[in-house]
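# Examination of the molecular architecture
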Amino acid sequence: MEEERKKRFETDSGIEIKRIYPKQDFPEEQPGDYPFTRGIQPTMYRSKLWTMRQYAGFSTAEESNKRYHYLLKNGTTGLSVAFDLPTQIGYDSDHAMSEGEVGKAGVAIDSLRDMELLFDGIKLEEITTSMTINSTASILLAMYIALAKKQGADLKKISGTIQNDLLKEYAARGTYIYPPKASMRIITDIFEYCSKEVPKWNTISISGYHIREAGSTAVQELAFTLSNGKAYLKAAIDKGLDINVFAKRLSFFFNAHNNLFEEVAKFRAARRMWAKISKGLGATDPRAQMLRFHTQTGGATLTAQQPQNNIVRVTIQALSAVLGGTQSLHTNGFDEAIALPTENAARIALRTQQIIGFESGAADTVDPLAGSYFVETLTNEVEEQAWEYIHKIDAMGGSVSAIEQGYLQQEIAASAYKYQNEIQKNEKIIVGVNKFEVEEKPFDDILRIDDSIRQQQIEKINKVKAERNNEKVKALLARLESEALGETNLMPVILESCEQYATLGEIADVLRKVFGEYKS
């Protein structure tokens, strides 16, 4: 037998890959049946392809609106909104902390007026919208609902998702505002409000994506995400909510990296594990036991060197999500390691999904890799290692306690350090970075956002404040402060405030005053 290329073959999570996997028996399970390893629907993509989204948002609401119309014209089937950093952490564009950041990492939204411009010409009742927003999720959702009402939409029909996952912000990303207890109160207020008023809205997208982007392994991404999900279930149950109602509107958000088979195994294991977790906490309705998830291809895997190589990476990652049974997918532009994606890069990313869906055959049968001795064994091994992490976190008192003790952060940091070490030592090959390098000219076909955007936003804020009923806004903000001090659900007063054109920063500042700010 010839000498093999490596002494040990393993996945990115360190699971050993054997030379061959012998014939073996696996439990007989049908798609759509508990615990949903093979998919949450009996027919999966034979009935309907996944929702094809492209994450987009930059500069002003007007510019982002142009991109949304462009994507819809090119066949995207759902919108996905990126917000700039000030919007994410509750500052209006005219705040000193916003200088240099307005419109850079996403679109700037200061008031309902910006939301009106963002979706100009788009009927909210006819489109599903995902919003990557966390600390200010209640405010952005309220603006979206206010706009839907202005359009005359039936609120029982509008659908979409807010990320609304603060636990992963404390553990991996950092765009938090309020302390954990206050954040959990706002999150469960959203659960309660939406279950009655906008029942088709997904009230949280429990995110492993940013955990993975921070440097975790696939197994850690799975374990920490499901552990956070478990904490949200418990918080809602403690609030008196019915798990068989609110759990149906929970969704998940996973990353897809380059190790094709480990990613597929991760997605399959995720469904099985979540079914067991939710059932263990009292869910009896199968729809409340199902893990529905959105996938985004791995931003951290993109390279500035030979950026066209990223098209291949994104294709592999998107294929893993489809083979793993995702409900929704966003594919990154090949230029996103350098800047926000150009229209050309966004179109190629969308075409990648469309080619997989309509040309590859991957969507023609349910769970195409089921029965593979390798994939089934790997699914079991990923699940086993993920449970080990979850049991450790449970022993610490759950995710909130484990985050406060720094456990999740330390595990992620250690994995990120190990990964970078392996690249530096050439133990892990990144094509174009530490092998197969070429001399290349600087890549300059990029989308640039200049600082004049901030002044445009300031002018819009001033105009809104001059035209609105400031006495009504003042009274509503005072009511918000009073209700935040008590136990009343905050969503109705936040919605009323948004309808009167209170700004995002004004509402967030009231809550800062009551709840304080979290310091890690």
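Structure shown above.
Here we summarise the structure given alongside this text. (Residues numbered from 1 in each chain as written. Predicted model: local features only at pLDDT ≥ 70, side-chain atom pairs only at ≥ 80, totals over all residues. Heavy atoms only, no water.)

Attention shifts here to the overall build of the protein chain. Helix and strand counts for the protein chain come out as 20 helices and 9 strands. For 520 residues, the compact-globule formula gives about 24 Å, and the C-alpha radius of gyration of the protein chain, at 23 Å, lands near that figure. Along the longest, intermediate and shortest principal axes, the C-alpha atoms of the protein chain span 85 × 60 × 45 Å. Relative to its 520 residues, the protein chain shows a buried fraction of 58%. Taking the intrachain contacts of the protein chain between residues at least 6 apart in sequence as the baseline, contacts between residues at least 24 apart amount to 79%. By element, 50% of the accessible surface of the protein chain is carried by carbon and sulfur atoms, the whole surface being about 21800 Å². When the 62 basic and 70 acidic side-chain charges of the protein chain are each reduced to a single mean position, those positions are 3 Å apart. (Helix = DSSP H or I, 4+ residues; strand = E, 2+ residues; numbered from the N terminus. Rg over C-alpha atoms; globule rule 2.2 N^0.38 Å. Buried < 20%, exposed > 50% of the residue type's maximum accessible area, 1.4 Å probe, protein only. Contact = heavy atoms within 4.5 Å. Areas by Shrake-Rupley, 256 points an atom, 1.4 Å probe, with all protein chains shown as cover. Lys, Arg positive; Asp, Glu negative; His and termini not counted. Charge placed at Lys NZ, Arg CZ, Asp CG, Glu CD.)

All right, on to the pattern of salt bridges then. The tally for this structure, following the rule as stated, stands at 33 salt bridges. Residue Lys463 pairs with Glu467 through a salt bridge whose shortest N-O separation is 2.8 Å. Taken together, the positions of Lys463 and Glu467, both in helix H17 (residues 452-467) and 4 residues apart, correspond to about one turn of that helix. Accessibility expressed as a relative area gives 58% for Glu467, which makes it exposed. (Salt bridge = Lys/Arg side-chain N within 4 Å of Asp/Glu carboxyl O.)

Residues Tyr34 and Pro35 are joined by a peptide bond in cis, for which omega reads 0°. In this fold, Pro35 is placed in the segment before strand S1 (51-56). With phi around 70°, Tyr501 is a residue other than glycine that occupies positive phi space. Looking at where Tyr501 falls in the secondary structure, it is placed in the loop between helix H19 (491-499) and helix H20 (504-515). Among the residues examined, Tyr501 registers a relative accessible area of 19% and is labelled buried.

With that settled, the discussion passes to helix H12 (residues 309-323). Think of an α-helix as 3.6 residues a turn; residues three or four steps apart then line up on the same face. Along its 15 residues, H12 runs 22 Å from first to last C-alpha, staying within 8% of the 21 Å computed at 1.5 Å per residue. Among the residues of H12, those classed as buried are Asn310, Arg313, Val314, Gln317, Ala318, Ser320, Ala321, Val322 and Leu323. Contacts from the buried residues of H12 go to strand S7 (250-256), helix H10 (260-280), strand S8 (293-297), strand S9 (328-330) and helix H13 (343-358). Looking one or two residues beyond H12, the residue adopting positive phi is Gly325, at roughly 90°. (Expected span 1.5 Å × (residues − 1).)

Ranked by size, the top nonpolar core spans 72 residues in total, and within it Phe191, Leu222, Leu226 and Phe246 carry the most contacts. Those residues in contact with Phe191 that sit more than four places away from it in its chain are Thr203, Ile204, Tyr232, Ala236, Leu241, Phe246 and Leu250. Core analysis: the second largest hydrophobic core is formed by 65 residues, Ile127, Ile145, Ala148 and Ile177 among them. (Core = buried A, V, L, I, M, F, W, Y, C linked by side-chain atoms within 4.5 Å.)

Next up on the list: the environment of His69. Mapped onto the elements of the fold, His69 is located in helix H1 (residues 61-73). The exposure class assigned to His69 is partly exposed, which follows from its relative accessible area of 32%. For the pair His69 and Ile122, spaced 53 residues apart in sequence, the C-alpha to C-alpha distance is 8.2 Å. Beyond its immediate stretch of four places on either side in the chain, His69 contacts Asp120, Gly121 and Ile122.

The terminal C-alpha atoms of H20, which comprises 12 residues, lie 16 Å apart, in line with the 16 Å expected from a rise of 1.5 Å per residue. Burial runs high along H20: 9 of the 12 residues are buried. All of the buried residues in H20 are Leu504, Gly505, Glu506, Ile507, Ala508, Val510, Leu511, Arg512 and Phe515. Lining the buried residues of H20 we find helix H2 (85-88), helix H4 (137-150), helix H6 (180-197), H17, helix H18 (470-485) and H19.

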